Amino acid sequence: MAMIYAQHFSAEEFRDWADDMSPRLVTMLDVLRFKLGSPIEISLSEYALGRNLGLGALSEHNVDHWGEVLAVDCFISGVYNRAQAEAVAHEAEGIGFTGIGVYSDTRNNQGQEQVMFHLGVRPNELMGSPATWGRVDHDYTSLMAAIQSIKAG
């Protein structure tokens, strides 16, 4: 298994994409897991890890363009309210993720409503100045609008 050593993740969690994962992404997920003190669960959606979208499609999930999986869609254990989601986004930015998305219209792997995060390491944005966005009711919007759409707690 070529996957980089990670303290909190096993190759199985990355399913068929384990050999294609960006080592930088896995390392940063590991740091985020450590700093939050909460498990990070990869979404079971078929689109949550890698995708084959052809050359030129700039999605961080697109292995054809980047040569590796640069993003995961995931749920963070215990993160359900607005303040918790904002704290995760802030921590992710501090660690250096360069693509951060917050989705308030998602259900977790157990079928319960829970905020989902896109966490990526796109090379065309700078650490500390990530591309950010959100999704509310299946419409794309700003990160803050998505965070504000989450119940206060």
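Above this note sits the structure.
These numbers come from a predicted model, not from an experiment.

(A) Here's a closer look at helix α1 (residues 23-36). Taking 1.5 Å as the rise per residue, α1 with 14 residues should run 20 Å; its terminal C-alpha atoms sit 20 Å apart, in good agreement. All buried positions along α1 are accounted for by Leu25, Val26, Met28, Leu29, Asp30, Leu32 and Arg33. Positive backbone phi, at 70°, marks Gly37, one or two positions downstream of α1.

(B) Structural detail: the pattern of salt bridges. Counted under the stated rule, the structure contains 5 salt bridges. Close ionic contact of Arg135 with Asp105 constitutes a salt bridge, the shortest N to O distance being 2.9 Å. Here Arg135 is found in strand β5 (residues 131-136), whereas its partner Asp105 is found in the loop between β3 (99-103) and β4 (116-120), with 30 residues between them in sequence. Given the relative accessible area of 16%, Arg135 is considered buried. Across the pair Glu113 and Arg107 runs a salt bridge whose closest N-O atoms are separated by 3.6 Å. Here the two residues Glu113 and Arg107 agree in accessibility, since each one is exposed.

Analysis parameters
- Residues numbered from 1 in each chain as written.
- Predicted model: local features only at pLDDT ≥ 70, side-chain atom pairs only at ≥ 80, totals over all residues.
- Heavy atoms only, no water.
- Helix = DSSP H or I, 4+ residues; strand = E, 2+ residues; numbered from the N terminus.
- Expected span 1.5 Å × (residues − 1).
- Buried < 20%, exposed > 50% of the residue type's maximum accessible area, 1.4 Å probe, protein only.
- Salt bridge = Lys/Arg side-chain N within 4 Å of Asp/Glu carboxyl O.

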